[in-house]
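Descriptive analysis of the structure
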Amino acid sequence: MAERRLLVLFGSQTGTAQDTAERIGREAKRRHLRCRVKALDSCDVANLIHEPLVVFVCATTGQGDPPDNMKMFWRFLFRKNLPAGSLCQLDYAVLGLGDSSYPKFNFIAKKLHKRVLQLGGNPLLPVALGDDQHDLGPDAVVDPWLVALWDKILALYPLPPGLEIISPDVRLPPKYTLHFLPEDSPHPDGDLLQPTAPRDAPCELHPFAARVVSNQRVTAQSHFQDVRLIEFDIAGSGITFSAGDVVMIQPQNCPEDVQQFCQLLRLEPDRHFVLKPTEPGTSLPPLLPQPCTVRYLVTHYLDISCVPRRSFFELLCYFSTNELEREKLQEFSSAQGREELYSYCNRPRRTTLEALWDFPHTTCAIPADYLLDLIPRIRPRAFSIASSMLAHPERMQILVAVVQYKTRLSKPRRGLCSSWLASLNPEQGDVRVPLWVKKGGMKFPADPATPVIMIGPGTGVAPFRAAIQERVALGRRGNCLFFGCRYKSKDFYCQTEWEELVTKGFLTLFTAFSRDQEEKVYVQHRIRENGRLVWELLSTGNAHVYLAG
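Residues numbered from 1 in each chain as written. Predicted model: local features only at pLDDT ≥ 70, side-chain atom pairs only at ≥ 80, totals over all residues. Heavy atoms only, no water.

Our working rule: UniProt positions are given in the numbering used here, feature names are shortened, and annotations may be inferred rather than shown by experiment.
You'll find the protein entered in an unreviewed UniProt entry as NDOR1 oxidoreductase, with Origma solitaria given as the organism. What the UniProt record of the protein gives under Catalytic activity (unreviewed entry) is the line "2 oxidized [2Fe-2S]-[protein] + NADPH = 2 reduced [2Fe-2S]-[protein] + NADP(+) + H(+)". One UniProt comment on the protein, placed under Subunit (unreviewed entry), says "Interacts with CIAPIN1; as part of the cytosolic iron-sulfur (Fe-S) protein assembly (CIA) machinery. Interacts with DCPS."

Right, dumping it as structure tokens:
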């Protein structure tokens, strides 16, 4: 009998595709299939020729781009020299997650399906095109598609004699178990981020712990928005970057939230544990020291401030001993309860921690072993680098708008990363932030004679500050910046820097302060007013135009 194994590969930017891939993994386990769930870039593509059965789950980002964790796979798959029949042994299915308000709706899923077909793969089903815009969200497509998929798979790989599909009422084992160490056992101090530079350039698995040099508010105290210019010391890190590049920052939860979470779940923050995978072959989560404290796990790894997904409530159901709570949880995890779930979670942006508060009987019954199945890891955040190494060697600066807004919940919503960064005070000692650099999508012209038109309202000006510093250091003059904000006196970032460059003849600056007069004025009005200059730069100067929001 053919080996009953399934590989689920995902390309995910915000975590939705990963969440769906893990759901397929759970459903496969209920059908007694040996199943692995992996990010596309962490699987060896060359091994696909040995796989009998693969389900691809992929999102589309930006203007029809593949998510970051499938970019290498994507490049490999479209190599011209791959033989036409190389995947002829492969049965496959592609599930796409997209948003039909974008022109390139589910572009990656469609193109992937077509390419695997070209290479000889045998599609079990037409490609599924999940749509965020549907009233029931992507589940409207995903749920029926999965029913059809399991029918196909079980026809090819029937259940072994004597085995039944494990009922949805039965709780599956956790991915890992936490083995708590005796309180008096000695522990190596694994809780500290090592500031030593790794051998290669820092990356997600080996971030560099950069020291915060300064953290300065660049909006007036009276202004509604808090925006920071934050500087990091990257000496000795091996990091290099140029204008347009992006810094990835790994944020952490605030101590108050961590304490609340531990109290709710009756966890001792300073207890040490080691993680053991339940199934052989499951790798341990990266970036968690072994042994690890509960506090470290909750502070650096579990995303307790994210808005919980349907799968969170699905798993919570199993722990619920309280009938009222269980009924509500079952409603939230059903396809019919989607509207309810949306207005409970997504609309008010309720956090995982707040949802746990609302189900106290269930929450105190959550076994610690299930924490990593229940709560996703904290994802890194991307910021445009706002400085040039030519102007500030061994330093890196970012411009951060602190995210805070109101919903119908009494407590204001706060962005995890921006609030954490804003709270860091370098005057209180050695404050460090784990970071690494990624190539950005913006490339500035190599030819020094090419003029550059940059349109950067608000914090969108960040990458242009890096570009202008770089170009000025190289003696390039054709820099034209359109900057917009609300008030000249309150949120005109880097005003003195721009004015000095204008005086020195390095910069042509046009500003739009939308609220400083009766009628609102935006950057597009200034572009229109200066249409003749813009056209001249484009038509005779062959200028490049850049826009950042």
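1. Notes on the overall build of the protein
Spelled out, the test is: Secondary structure elements are defined from DSSP: runs of H or I of at least 4 residues count as helices, runs of E of at least 2 residues count as strands, and each element is numbered from the N terminus. It is over C-alpha atoms that the radius of gyration is taken, and the globule rule equals 2.2 Å times the number of residues to the power 0.38. Throughout, the Shrake-Rupley method with a 1.4 Å probe supplies accessible areas, and for residues the shown protein chains are the sole cover considered. Residues scored as positive are Lys and Arg, those scored as negative are Asp and Glu, and His as well as the terminal groups of each chain are ignored. Here the site of a charge means NZ on Lys, CZ on Arg, CG on Asp, or CD on Glu.
For the protein, the count of helices and strands is 17 helices and 21 strands. Taking 2.2 N^0.38 as the reference for a compact globule, 549 residues should give roughly 24 Å; the C-alpha atoms of the protein span a radius of gyration of 26 Å, in line with that estimate. The principal-axis extents of the C-alpha atoms in the protein amount to approximately 85 × 60 × 50 Å. For the protein, the accessible surface area stands at approximately 26,800 Å², while carbon and sulfur atoms represent 53% of it. Of note, the protein has its 64 positive side-chain charges centred 5 Å away from the centre of its 60 negative side-chain charges.

2. Overview of the side chain of Thr 362
To keep things clear, this is the line we draw: Relative accessibility thresholds used throughout: buried, under 20% of the residue-type maximum; exposed, over 50%; partly exposed, between the two (1.4 Å probe, protein chains only). Two residues form a contact once any of their heavy atoms are found within 4.5 Å.
Mapping Thr 362 onto the fold places it in helix α11 (residues 360-363). For Thr 362, a relative accessible area of 0% translates into the label buried. Aside from chain neighbours lying at most four places away, what touches Thr 362 is Leu 316, Phe 319, Ser 320, Glu 325 and Leu 329.

3. As for the environment of Leu 77
Inspection of the secondary structure assignment puts Leu 77 in helix α2 (residues 71-77). By relative accessible area, which is 2% here, Leu 77 ends up buried. As for Leu 77 and Glu 323, which are separated by 246 residues in sequence, their C-alpha atoms are 50 Å apart. Apart from residues lying up to four places away in sequence, Leu 77 is in contact with Leu 82, Leu 112, Arg 115, Val 116 and Leu 119.

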